[in-house]
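Structural description and commentary
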Amino acid sequence: MSNRPTKFMRETLTIKTSHVLPPDTNHHGTLFGGKLMAYIDDTASIAATKFARNPIVTASTDSVDFIKPIRVGDAVTLEAMVTYTGRSSMEVFVKITSEHLLTGEKAIAALSFLTFVAIDENGRPVEVPMVVPETDQEKWLNETAKRRAEHRKMRKRESEELAQFFSE
């Protein structure tokens, strides 16, 4: 049993809503993927910082799965939450929903997982609390996180091998 403090997932919930305006969109009238990715990193980093109460750095953007276009005039809402913790790392899940503001129609537009590491003033990793899920959805996210973490480690090894290959 660990002596680490605990925090509930719900304590990290971070919600950001933005209006999608023409400068945020491409020639198809849909939100730029890079703009959404910036929103994702910003919202997820707030959730991670609320959890760690330390400075954090983005270790990886594990996935951004674009499911439905987000159109000019829509509202886009991001909900981020810490779902799993290692010693100093935190997995953050972000659910992105679009809403047609005139009809009220809502849809999940994208899903994303990111990993952050808490650091001290010298940039060294510091221990974070253990996350505690409560709802069925939170428990599912927490229980399936180890599988995502293994995939993340394998992908990082492959990226390191690729970087080595290209640096020769």
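Note that the structure is a prediction, hence the values are computed from the model and not measured. (Residues numbered from 1 in each chain as written. Predicted model: local features only at pLDDT ≥ 70, side-chain atom pairs only at ≥ 80, totals over all residues. Heavy atoms only, no water.)

**Here we look at a nonpolar patch on the surface**
Taken together, the side chains of Leu162, Phe165 and Phe166 make up a nonpolar region of the molecular surface, amounting to roughly 370 Å² of accessible area. Mapped onto the elements of the fold, leucine 162 is located in helix H3 (residues 145–167). (Patch = residues over 30% accessible without salt bridge, like charges linked within 9 Å, V, L, I, M, F, W, Y side chains within 5 Å. Areas by Shrake-Rupley, 256 points an atom, 1.4 Å probe, with all protein chains shown as cover. Salt bridge = Lys/Arg side-chain N within 4 Å of Asp/Glu carboxyl O. Helix = DSSP H or I, 4+ residues; strand = E, 2+ residues; numbered from the N terminus.)

**Remarks on the UniProt feature "domain: HotDog ACOT-type" (unreviewed entry) in the chain**
The sites that carry the UniProt feature "domain: HotDog ACOT-type" (unreviewed entry) are, in the present numbering, residues 10–122. In this annotation, residues 10–122 is assigned 18% helix and 46% strand; the end-to-end C-alpha distance for the span is 29 Å. (UniProt positions renumbered as here; feature names shortened; annotations may be inferred.)

**Focus on the sheet that holds strand S5 (residues 89–99)**
Strand order in the open sheet formed by five strands is S2-S4-S5-S6-S3, with antiparallel pairing between adjacent strands. Pairing within the sheet leaves two strands with one partner each, and these edge strands are strand S2 (14–19) and strand S3 (56–66). On average, each strand axis in the sheet is tilted by 20 degrees relative to the strand beside it, whichever way the strands run. (Pairing = 2+ DSSP bridges. Axes fitted to C-alpha atoms, helices over the stretch in contact; angles between N-to-C directions.)

**Description of the packing of aromatic side chains**
Applying the stated rule across the entire model yields two aromatic pairs. Ring geometry for phenylalanine 93 against phenylalanine 113: centres 5.0 Å apart, planes inclined by 40 degrees, an arrangement best described as tilted. With phenylalanine 93 in strand S5 and phenylalanine 113 in strand S6 (residues 106–118), this residue pair connects regions lying 20 residues apart in the sequence. In terms of burial, phenylalanine 93 and phenylalanine 113 fall into one category: buried. Ring centres of phenylalanine 165 and phenylalanine 166 lie 5.1 Å apart, and the angle between their planes is 80 degrees; this geometry places the pair in the edge-to-face category. Take phenylalanine 165 and phenylalanine 166: they sit in the same class, and that class is exposed. Sitting over the face of the ring of phenylalanine 51, lysine 7 holds its NZ or CZ atom 5.7 Å from the ring centroid. (Phe/Tyr/Trp six-rings, centres within 6.5 Å; stacked < 30°, edge-to-face > 60°. Buried < 20%, exposed > 50% of the residue type's maximum accessible area, 1.4 Å probe, protein only. Lys NZ or Arg CZ within 6 Å of the ring centre and 35° of its normal.)

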